[in-house]
Amino acid sequence: MITLLKETLSRESIYMPTPARITGMRSLTQSETLFQVELPSGFHLHHRPGQFVELSVIGVGEAPISVCSSPTRSNGSFELCVRAVGKLTNAVHKLAAGSTVGIRGPFGRSFPVERFHGRDILFVAGGLGLAPLRSLIDEVMDHRGMFGRVILLVGARSPGDLLFPEDLSRWAAREDIEVHITVERPTEDWVSNVGVITTLFNKIDYQGRNMVATIVGPPVMYKFVLPDLLAHGLADSDIWMSFERQMKCGVGKCGHCQMHHIYTCQEGPIFSYQEVKHLEEAFA
Amino acid sequence: MSRVHVDVHHLTRVEGHGNIVVDVRNGVLEKCELQVVETPRFFEPMVRGRTYKEIPHIVSRICGICSVGHSTASLRAIETALGVELSEQTILLRRLNMHGEMLDSHVLHAYMLIAPDLLGVQSVVPLAKSQPEVVLRALRMKKLAGEICRVISGRHTHPIAMTVGGFTHTPSERDLLYLRKLLLDARADVEATVDLFASLELPAFERETEYIASHKDDEYCYIDGVIASSEGHTWPAKAYRSVTNEYLVPHSTAKRARNLRDSYMVGALARFNVNFEQLHPVAKAAAAKLGMKPPVVNPYMITVAQVVEIVHCVEDAIELVDELLLRGVKWEEPVEPPHQSGQGVGVCDVPRGILFHDYTIEDGIMTAANCIIPTGQNLQNTELDMRALVPKIVDRPQPEITLALEMLVRAYDPCISCSTHLLDVEFKE
Amino acid sequence: MSLRIMPKSALKAWIQKLQQRSFRIVGPKALHGRYVFDDIHDVNDLVIDYPTTVSAPKQYLLPSREVLFSFNAETMDMTAHIEAEPTVLVGVHTCDMHAIQLLDTVQNHGFADQHYRARRDALYLVSIECQKPCSAQCFCKDMETYSVTETFDLHLVDMGDAYAVQVGSEKGEALLQGFTNIWESTESDQQRLNEVMADKWQNFSFRLDSTLSQLPDVVGAGMHSGYWDELGDICLACGACTQVCPTCYCFDVTDEVDLTLTQGERVRVWDSCQIEKFAVVAGNHNFRSQLGRRQRHRFMRKGKYQYEAYGKMGCVGCGRCGMTCPVKINCIETFNHLTQELVAKQTPGEVKA
Amino acid sequence: MTTRPRPKVAFFDFTSCEGCQLTVVDLLQDHPELLDAVEIVEFREAMSEKLPLDERYVIAFVEGSCTRQSDEARLKSIRERADLLIALGACADLGGVNAIRNPFPLQEVREYVYGEKADWYETYPARPISAVVKVDAAIPGCPIDRDEFARAVTHLLQGRMPNLPDYPLCIECKSRGTVCMYQRGQACLGPVTRAGCGAVCPAYGYGCEGCRGFVPSPNLESMREVMREAGVSDEEIESRLRIFLTYQMMELEGATS
Ligand SMILES: Cc1cc2nc3c(=O)[nH]c(=O)nc-3n(C[C@H](O)[C@H](O)[C@H](O)COP(=O)(O)OP(=O)(O)OC[C@H]3O[C@@H](n4cnc5c(N)ncnc54)[C@H](O)[C@@H]3O)c2cc1C
Ligand code: SF4
Ligand code: SF4
Ligand code: SF4
């Protein structure tokens, strides 16, 4: 098995993707679809949770997309959850199963899972943020014995916007993880929490000493979630986040993803709060 | 009661919007109109109050197909008004640029607008399927034309680099060598064009009229020159009003003109009839092959005269390029006008015929403008042709009559979008 | 490093010889009262003692539009375009040489860019020593880029009637191959070179209020300066500054496909951090929507970030951005303003109650 | 090549010089495959065919400004029959040069051209077609840029909107290596004009006249100051901003409602 990164690097151009096949697609919400992608035989993605690939529709363009399946569940293929917002993401939604896309990567720094061993883990996912976290959650759940308490907080705009409902039920059915879900705009049959994600914080019992938090969501979410976590005593270095920036290359050249001196695609997208707290542009 | 009613609304394959309305009752021609329903453009009042420097670029927008012609006429009006003397290099480059436009327009007209009629198809799109080599040849020649204009002034439609007193950009020697190669390569296509039109049959219809073109003794001229009539008279450019005598009719947003007869013709055939002697020898030979000897009085032959001009322009362009290469093209600052006020007339013979721009400038600001466009000058002549033609074909089935009339109007290559313009020259405060 | 002497009158013959050897020659030539790097077809067009060029020669390493690979969208065949034609870049000023050093570092850092690498390998750099400042905007003395000791293949120093030619590499040596009108330097040539250089140092003066080693801190201290908003008010966001800068290399990537949607190319084109959409992400969130923030980012990159990331300054003091900017935003004033602000902050005495 | 269904495409013109349509014809010189990619069903300038009335256009390209009441009905009927309506060129997109006359009194303009017969001719202030119907996208420029048109068509065929540059012309101008017009002592609207034409005017020695319209947030005050510094008089600055941009300037001044 050749890892895809090795393949990407050994191509004549680092910008040239490897063709891969969409073997399955499942619509999750109105604008988000889960794609199952299979690399040519002999190749393995070999990613770590939090990393992303550059996904191409040849003829349209390329964009960074987090791998949302766990390395523990890969079986030769991997999953991408794509929200249709622009040119590439809309184009990929128009493809049929069996179509060929291009993949480069995986790129970027992953969550430092080894450093979480023996610790309680709090996952905070807002909206599409559940996609990159899903990879990590399954990795943790598949090695459940190596971690302490596991709590998952999920926020979505409405019940219809909730991603991965099967996975949420699968996790909720287990005894060894606490799952809390909230929506901002409930439907009539919604029986669970209502409100923004921070409203879940009073529902859980946590204190920071043995806890690490991994939070992924839209830029505004960080502004509200961070103070809460810090107030509960989590250390700056125990809060891990994924940052989204425009990326045109994924390999530290195009300049779009810079937050101050940091190339998000290379040094991130996963950062601890400690590493970025002094960076104004990280939270602008 | 017999009635023939032809109503072609929004005539196709012409520049701009025109209608043909013919009404024949019991053999009597009651109505025969070429209506110009193009929206009025109002270029003349629009340019008032602006610095003259902006004008050539604005009036270029009168017409996308003869924008080099409008720019050149505009520049000549300004330069005449302000006393600018042009360098030899500028004059050569402008002539070459005009050849580019002439080729572009004639190829478009002959191949894409007229040939479908003669080859029995509705447009160039089916022609591309049935006779791709014909269409590809036309596209190659159009590309040559476009490249001439691009190299000299940036682009064909709305040239950039032509400015008062000269050019804001000069082609390099490499550019000119490139054009030279394109032109030499085009000779085969030009020959094939002559052969094609020699083989096509045009409707036989003759009506003698007055032919008017700009004229120089030593050049088949498109820029400057005096106004010459087939009736044997000449007038200086500034006397254009006494030649054109514009007037309005209610069914047309374009003005009409007449000179010594009820109407006159301008354009390729008029130039051919008036300036035959000055044609390039190779073009004269082509004319012989096409069976043309002045005076030619069949208006359908306008297209064939355009083919003769295609030959002329390619041959003359080769000579112009060679002359430029021999002299060497150098960057020249455009000539600054010696004064900032004056009145001047610019005259050019553009693809569709003689064009006049007449400007008054005070302290660098435009105060009055008048443009007389070839299509306007041809309108009355076209209508009189229609009147003469209808009785001859009135017995035919109506679609045939319609087609014959459409083909007649199209032969004139009317550029209706430019023909809607002003009569009254007085500037009203 | 060996030093040769080439009479000035031999330069043209040498270039012509290189042309005969099928090298593409690129150098400065006059255009509308300024100078630009361009292909030299006629050696008489080459102006080697030019003041400065409008744009940097980075075009020959990172073209403004570059095909990365071509593809067939149906068969998914892809062919990388690694294009490099042996090119001699003649008359590169030393500031631009320092800029190329930075580009080398960045493009080889981490994931090396093969497109750059191939062009760079095929590029022969013939630099020239500046003997006086090239414009009112240049500050190469401050940035320590007004001379160069490495990276070039050949380096020329004007010694009046001859050039001293330093050979910096085997590639440089190869350029001189078979050319006879050049000879080894003598002791007295060395002596003259030293004199020329000694005179040269005198001709340049410092333009910045801070030293090179202070600059990253000075710029960093200006992070929250109100000056950025002042620049933001007048800035047109036209991006001309980054386009002409020898050290700006940011790019955008797009697919261009023919009308039948089959054959196409993925191309990269120069981009600019000054344009509004540069840092927009999904949801239309713009991390640098304000003009002032974008100017700040540019100057931070020039004076601080690049230094921190690669150990080399992101500005080489060429002065092009200041000359090109329609509203005359420039490095010297900006850096000096930040220095003055810092000085004012650090000056004790004005203790407020 | 796979055989895709060829979308039905039509071209229409209102008040304009028809140069943009001509540019489309010129495009065929380099891209004859346009005819394989789309089915051109109406193009009055170049062909006589017409689409049966009960069929729809997938894409309708409309050139020209709306300059009289009777244009509105025709424009609206095109809109009703078209899935996508694309403004083609500055006249349709911005009002273009046609709007130069707008600040003049209408009757006076009419009389200037047609004298006492002025009332024979219907007209009203020129406006971009978006002032009359919903426009899905625009291809700017006077004339349109051939390559940009081709790009826009490929985007439409891919099922997305044309991706127009939203940055200023200077980006293209500088990457082309042109000596800035301001360094040559001449005015240029490049810093506030949307790129996409390849900065062809400065490359041919003429400062940009803004035919492609403003960038999304033009800093006009600063632009005026730059021109003033270059020795351009206030009258000429305002005049230049009103060659292609008269309608936009009037809009900015709130004078178009
Ligand atoms: C590390 C990383 C991981 C990511 N993971 C995922 C993931 O798992 N799933 C996912 O769906 N996305 C993910 N994204 C986000 C995704 O990469 C971006 O949304 C990307 O821009 C989509 O590309 P596109 O071509 O579809 O959109 P684009 O066409 O590039 O548009 C992107 C956004 O910018 C806006 N925009 C673009 N151009 C303009 C313009 N001219 N004017 C105004 N607005 C404009 C669009 O509206 C849209 O919101 C990730 C991003 C990063 C950096
Ligand atoms: S920032 Fe300006 S002065 Fe510095 S290298 Fe770039 S263009 Fe030259
Ligand atoms: S010429 Fe115009 S477009 Fe080009 S850089 Fe100068 S201001 Fe910008
Ligand atoms: S440079 Fe300006 S005026 Fe010229 S085509 Fe481009 S946008 Fe139009």
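Placed above this text is the structure.
Residues numbered from 1 in each chain as written. Chains lettered and ligands numbered in written order. Predicted model: local features only at pLDDT ≥ 70, side-chain atom pairs only at ≥ 80, totals over all residues. Heavy atoms only, no water.

A.B. asks: Tell me about the state of the cysteines, and please be specific about residues and values.
C.D. replies: One pass over the full model with this rule turns up 0 disulfides over all chains. No disulfide involves Cys 235 of chain C; its sulfur sits 6.7 Å from the nearest other cysteine sulfur, which is in Cys 241 of chain C. (Disulfide = S-S within 2.5 Å.)

A.B. asks: Account for the site of ligand 1, with residues named and values stated.
C.D. replies: Around ligand 1 there are 25 residues in total, and Pro 64, Cys 81, Arg 83 and Thr 89 of chain A together with Asp 166 of chain D lie nearest to it. More than one chain reaches ligand 1: the nearby residues come from chains A, C and D. Within the contact set of ligand 1, an oxygen atom lies 2.6 Å away from a backbone nitrogen or oxygen of Pro 64 of chain A. Lys 277 of chain C is positioned with one of its side-chain polar atoms (N or O) 3.2 Å from a nitrogen atom of ligand 1. Of all elements in the fold, only strand 6 (61-66), strand 7 (77-83) and helix 2 (87-93) of chain A together with strand 13 (280-281) of chain C reach the threshold of two or more residues within the shell around ligand 1. Examining the composition of the shell around ligand 1, we find that 4 residues originate from one element, strand 6 of chain A, more than from any other. Taken together, the residues of the shell around ligand 1 break down into 14 nonpolar, 5 polar and 6 charged. (Near = heavy atom within 4 Å. Polar contact = N/O pair within 3.5 Å; in protein donor to acceptor, adjacent residues only side chain to side chain. Helix = DSSP H or I, 4+ residues; strand = E, 2+ residues; numbered from the N terminus. Nonpolar A, V, L, I, M, F, W, Y, C, P; charged D, E, K, R; others polar.)

A.B. asks: Provide a residue-level description of the site of ligand 3, including the pertinent values.
C.D. replies: All names here are of chain D. Near ligand 3, the surroundings consist of Cys 170, Cys 173, Lys 174, Cys 180, Met 181, Tyr 182, Cys 188, Gly 190, Pro 191 and Pro 202. Sort the elements by how many residues they give to the shell around ligand 3 and helix 7 (residues 169-175) lands first, with 3 residues. Class assignment of the residues belonging to the shell around ligand 3 gives a composition of 8 nonpolar, 1 polar and 1 charged.

A.B. asks: Tell me about the interface of chain D and chain A, residues and numbers included.
C.D. replies: Between chain D and chain A, the contact holds 4 residues from the first and 4 residues from the second. Summed over both partners, the interface of chain D with chain A comes to about 310 Å²; 36% of that surface belongs to carbon and sulfur atoms. Joining chain D to chain A, the criterion identifies 0 salt bridges. At the junction of chain D with chain A, the criterion picks out 2 residue pairs in polar contact (both at pLDDT 80 or more). (Contact = heavy atoms within 4.5 Å. Buried area = accessible area lost by both parts, 1.4 Å probe. Salt bridge = Lys/Arg side-chain N within 4 Å of Asp/Glu carboxyl O.)

A.B. asks: How would you summarise the arrangement of the chains if you had to cite specific residues and measurements?
C.D. replies: Here 5 pairs of chains are in contact, and chains B and D lead that list by number of contacts. At their nearest point, the C-alpha atoms of chain A and chain B are still 28 Å apart, with no contact between the two.

All quantities given are derived from atomic positions and should not be read as evidence of function.
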